[in-house]
Amino acid sequence: MRSITSGSNFIGWILLVLAAHAYAFTAPRSISTSRSCRLATTTRSQLNARPEARSREVHNNILSRRTINEFEPTLPDNWKSALEKSIEAAIFAPNHKRTEPWRFYLLGPKSIEKVCQLNAEIVASKKGAAAGQKKLQRWLQMPGWLVVTCVKADDDFNDPTSLAREDYAACCCAIQNLCLSLHSQGIGTKWTTGPVNFDSRFAEAVGFASKEEYTVGTVWFGSAVGSSPSAPGKKLGVEGTFTKVE
């Protein structure tokens, strides 16, 4: 490490530090640019610091995440910043050909009402008016709504090598990243894929073009009521699913 020996070098160093701080406070920042700068300046030594502790934190976060079915009626105070952070995590999901096919729609009261009414109508048509009304009241209690869509590709989804299938897989990875990020910040989630998500009227209720995008799922989010449920037992476990091939 070089030492500062001369007065001129010391003054120059002080001016450089002050200039850097001044820029940090005055330069315009967006969510993406500010976070990207931090990511770009993260050194390998920082990433490798405390490897065992970091491994435990990541592993425990994955294993402790659960689907939340009961939420508090109001969102926590930090929900906006937490959601932005989780979307950043989502868009760093594996993405073959870097198509970035994911789109995220945060629903407000009007769009939530439309989706809930549409779902109640679908349920009522199959199970009767009482079931539809019960489902309407249940869905209106969900505090946070995020719809995730995928931009349509031009090729055939049924082709296992198609870009369409790659993009759908990328969006599923993105949702998992998003849910894990929110979980790490104390916010629970439920990824829903009920029939309303794929109804022809859903896109209009949410506000996206169905000719250009399709729904991957809706993520409800908020503070869980009580403690998170325990992890269900796995029928197969590692031994039943892991094969070593010579």
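Residues numbered from 1 in each chain as written. Predicted model: local features only at pLDDT ≥ 70, side-chain atom pairs only at ≥ 80, totals over all residues. Heavy atoms only, no water.

1. Comments concerning a negative patch on the surface
Together, Asp154, Asp155, Asp156 and Asp159 give the surface a local cluster of negative charge. Tracing the backbone through its elements, the reader meets Asp156 in the loop between β2 (144-151) and α8 (163-184). Taking the relative accessible area as the measure of exposure, Asp156 reaches 46% and is therefore partly exposed. (Patch = residues over 30% accessible without salt bridge, like charges linked within 9 Å, V, L, I, M, F, W, Y side chains within 5 Å. Areas by Shrake-Rupley, 256 points an atom, 1.4 Å probe, with all protein chains shown as cover. Salt bridge = Lys/Arg side-chain N within 4 Å of Asp/Glu carboxyl O. Lys, Arg positive; Asp, Glu negative; His and termini not counted. Charge placed at Lys NZ, Arg CZ, Asp CG, Glu CD. Helix = DSSP H or I, 4+ residues; strand = E, 2+ residues; numbered from the N terminus. Buried < 20%, exposed > 50% of the residue type's maximum accessible area, 1.4 Å probe, protein only.)

2. Considering the pairing of β2
Most of β2 sits inside the fold, with 7 of its 8 residues counted as buried. Of the pairings in the sheet, the one linking strand β1 (residues 102-106) to β2 comprises 5 bridges and is antiparallel in character. Bridge assignment links Tyr105 to a residue of β2, and that residue is Val147. For β2 and strand β4 (residues 213-222), the ladder comprises 8 bridges, and the chain directions are antiparallel. The partner of Cys150 across the bridge, within β4, is Tyr214. (Pairing = 2+ DSSP bridges.)

3. Some words on a positive patch on the surface
Side chains of Lys126, Lys127, Lys134 and Lys135 sit close together on the surface and give a patch of like positive charge. Put simply, the parts of the chain that give the positive patch at least two residues each are α6 (109-127) and α7 (129-140). By the secondary structure assignment, Lys126 is in helix α6. By relative accessible area, Lys126 is classed as exposed at 62%.

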